[in-house]
Amino acid sequence: MPSDSATRTFSQQLRHGFRVHREIVSLVVFVIGVFLSILAIGYFTPLNSTPPFPTINSVTDTPNANYNLVFIVVGPIVAIVGAYLVGAYYVARRKFEHLMLTKSKAEFLRNIPELEDLLWDLTPNDEIRYDQKRAELRVRR
């Protein structure tokens, strides 16, 4: 019998990988956005004469294309998207951990809708923890 990962399409595997490594992906997106913004700032401000920006600017400002113009537009957008992803992940993580600490079945039942909404921003391992907590408190679906 083939494994579950062998029957998935490439897009399903990619989505699963992004979901499993959500924290790392969001941090990488944020860092790339900040890096592109720094490159743009290093070209369009007086920093363009201080090292290492002259070397970098000679590579990014070619006769055929000035990539710094792309960096000034794309960098802040990617940084904002990355900051949102990082913030959403850590806020969801904090709320999830707080809600999972409850020992009361009544309190857990009250928080089930919020917990299930938070699981969209978290990893599959957190879904497993949620299911284990439901089983521990004997909560039916």
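In this report, we go over the structure that sits alongside the text.

Basis of the calculations
Residues numbered from 1 in each chain as written. Predicted model: local features only at pLDDT ≥ 70, side-chain atom pairs only at ≥ 80, totals over all residues. Heavy atoms only, no water. Helix = DSSP H or I, 4+ residues; strand = E, 2+ residues; numbered from the N terminus. Contact = heavy atoms within 4.5 Å. Buried < 20%, exposed > 50% of the residue type's maximum accessible area, 1.4 Å probe, protein only. Polar contact = N/O pair within 3.5 Å; in protein donor to acceptor, adjacent residues only side chain to side chain. Expected span 1.5 Å × (residues − 1). Bend = angle between axes of the 7 residues up to and from the residue.

1. A word on the side chain of Asn68
(1) Moving on: Relative to the elements of secondary structure, Asn68 occurs in helix α5 (residues 67-100).
(2) Moving on: Beyond its immediate stretch of four places on either side in the chain, Asn68 contacts Leu39, Ala40, Tyr43, Phe44, Asn57, Thr60 and Asp61.

2. Points about the side chain of Ser37
(1) Moving on: For Ser37, the position within the fold is in helix α3 (residues 22-44).
(2) Moving on: By relative accessible area, Ser37 is classed as buried at 15%.
(3) Moving on: A distance of 3.4 Å separates a polar atom in the side chain of Ser37 from the backbone oxygen of Gly75.
(4) Moving on: Aside from chain neighbours lying at most four places away, what touches Ser37 is Gly75 and Pro76.

3. Examining helix α6 (residues 105-118)
(1) Moving on: Spanning 14 residues, α6 covers 19 Å between terminal C-alpha atoms, matching the ideal 20 Å at 1.5 Å per step.
(2) Moving on: Within α6, the axis deviates most sharply at Ile112, by approximately 50°, and proline Pro113 lies no more than four positions further along.
(3) Moving on: Along α6, the residues that are buried comprise Phe108, Asn111, Ile112, Leu115 and Leu118.
(4) Moving on: Those residues of α6 hidden inside the fold are in contact with α5 and α7 (124-136).
(5) Moving on: Where α6 begins, the side chain of Ser104 points an oxygen toward the backbone nitrogen of Ala106, at a separation of 3.4 Å.

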